[in-house]
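Notes for the structure review
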Amino acid sequence: MKTLGIGMVGARYGAHMHYANYQKLPAGLIEIRGVCARSMESATAFANETGVGFATDDLHALLAREDIDIIDICSPPATHHEVAILAAKAGKHIIMEKPLTGYFGELGDEEPIGLHVSRAHMREGARRNAEAVREAVNNHGVKFCYAENWIYAPPIRKMRNLIAASKGSVLELRAEENHSGSNSVYSREWSATGGGALLRMGVHSVGACLHLKQWEGMHRLGRSIRPVSVMADVADLIHTEASDRARQAHAHQWISSDPVDVEDWANVTIRFDDGSRATVLVSDVGLGGLNTRVTAYLTDGVIKANMTANDTIETYAVDPATFNSEYFTEKLETKAGWNRPSCDEDWFRGFAQEIEDFIYAIRDKREPLSGIDLAVDCVNVIYSAYVSAEEGRRVSLE
């Protein structure tokens, strides 16, 4: 069986996370043969750290290599759609970190764009970018693997099995993610990320809800249950009177979120074509470490999936330095008091499973569980939610 060659685009957090999970695959299945980054310094540093033999700051040089079958896109969101289209045209299969794309500004836009460009105009641009990627993927016959780890997480997989075991209907889904601020240096500005917490974090919750209703529909009806409209509210809670009052009281030193022109809080309601609803709540201003949950309310039961803060192991420490050398979980502010370290965060949150599915899907010439259609749907739902929040109305997804 041929060893699949991988070219990484991006050399920061996402690339290192993908690299770590590639190492869990059977020997000989894949080989990372190149890395491309914005600067040679970054590309070389990644290559030296991981032992990758080819480093470049020229994407075309990476795409020209005949020994590379897959392009893994872990670069900033503003680059995603253009890199994906070039990769598809070069005949390379694609693995892409979320989100698929967004709106990142056009010539003539007043800066910062998040404060001056209408969300309706942004939605048009984001949809155009998303459809351009789908068209390139379909036209060139390559696989597109969308790295939405939530739908691969064991708790969500078990939720699917439990929905199948019941005879009821999912009337409501509630999905949430919150923590105290992004790891990304690009997260503060719309022109780099295409949005704030709703896009950067909400894409997980939205993706999980869309997937679960699609899966329920296929299982119960033989067709997908589709989203039809959204209502939303968004806010920058850090730059409010409430936050200013906390700063004056010296009680505001733990939250790292500091937006320029993006939101750090969002609440979205999605209506589906069977009349059911999903509620998504995301926040960049929540202390206590990463919190990710999905709850399904069925006509004959309730299922709660918790992908973080599980109690498989618990610790207590008076001194936060007691367990200083051991990793607990993402974005935890302190190791003092009671805590719940993750035993295997990559596995519990689905990162290892998504990489495995992507590689075998490409090798076996089948579609991955998470592909281009889910990626496009997420962009449509989220940018329609931005329109809803700005205009104060329900927005149709048609």
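You'll find the structure just up there.
Quick notes on the rules
- Residues numbered from 1 in each chain as written.
- Predicted model: local features only at pLDDT ≥ 70, side-chain atom pairs only at ≥ 80, totals over all residues.
- Heavy atoms only, no water.
- Buried < 20%, exposed > 50% of the residue type's maximum accessible area, 1.4 Å probe, protein only.
- Helix = DSSP H or I, 4+ residues; strand = E, 2+ residues; numbered from the N terminus.
- Contact = heavy atoms within 4.5 Å.
- Pairing = 2+ DSSP bridges.
- Right-handed = clockwise from strand over helix to strand, strands pointing away.
- Core = buried A, V, L, I, M, F, W, Y, C linked by side-chain atoms within 4.5 Å.
- Axes fitted to C-alpha atoms, helices over the stretch in contact; angles between N-to-C directions.
- Parallel < 35°, antiparallel > 145°, perpendicular 65-115°, else oblique.
- Left-handed = near helix turned anticlockwise from the far one by under 90°.
- Salt bridge = Lys/Arg side-chain N within 4 Å of Asp/Glu carboxyl O.

Time to look at helix α4 (residues 80-89). Here α4 lies mainly inside the structure; 7 of its 10 residues are buried. Considering only its buried residues, α4 is in contact with β1 (4-9), α3 (59-63), β4 (70-73), β5 (93-97) and α6 (119-140).

A regular strand places its side chains on the two faces of the sheet in alternate fashion. Burial runs high along strand β2 (residues 30-36): 6 of the 7 residues are buried. Summarising the sheet, β1 and β2 pair through 6 bridges and their orientation is parallel. Its bridge partner being in β2, V9 is matched across the sheet by C36. Read from β1 through helix α1 (residues 13-22) to β2, the crossover connection turns out right-handed. Relative to strand β3 (residues 55-56), β2 runs parallel, the two sharing 2 bridges. Along β3, the bridge assignment pairs C36 with T56.

Formed by 107 residues in total, the largest nonpolar core has its most connected members in Y22, I94, L100, F144 and I359. Looking at this core element by element, the count peaks at 12 residues for helix α14 (residues 372-391).

In the contact formed by helix α7 (residues 154-165) and helix α10 (residues 202-220), the axes pass within 11 Å of each other and the chain directions differ by 30°. Between α7 and α10, the angle falls in the class roughly parallel. Crossing angle aside, the handedness with which α7 passes α10 is right-handed. Across from I156, M159, R160, I163 and A164 in α7, the residues of α10 making contact are H211, L212, W215, H219 and R220.

Attention now moves to the pattern of salt bridges. Taken as a whole and judged by the stated rule, the model has 23 salt bridges. Between K2 and D69 there is a salt bridge; the shortest N-O distance is 2.6 Å. Pair noted here: K2 is in the segment before β1 and D69 is in the loop between α3 and β4, with a separation of 67 residues, a long-range link. The partner of D357 in a salt bridge is R366, and the shortest N-O contact between them spans 2.9 Å. By relative accessible area, D357 is classed as buried at 13%. The partly exposed category is assigned to R366, whose relative accessible area is 32%. Taken together, the shared-partner salt bridges connect E330, K331, E345 and R349 into one network.

Right, let's get into the side chain of S257. Looking at the secondary structure, you find S257 in the loop between α11 (241-248) and β9 (265-272). Apart from the residues lying within four places of it in its own chain, the contact partners of S257 are S180, G181, I238, D264, D284 and V285.

Without other data, these values stay purely geometric and don't point to any function.
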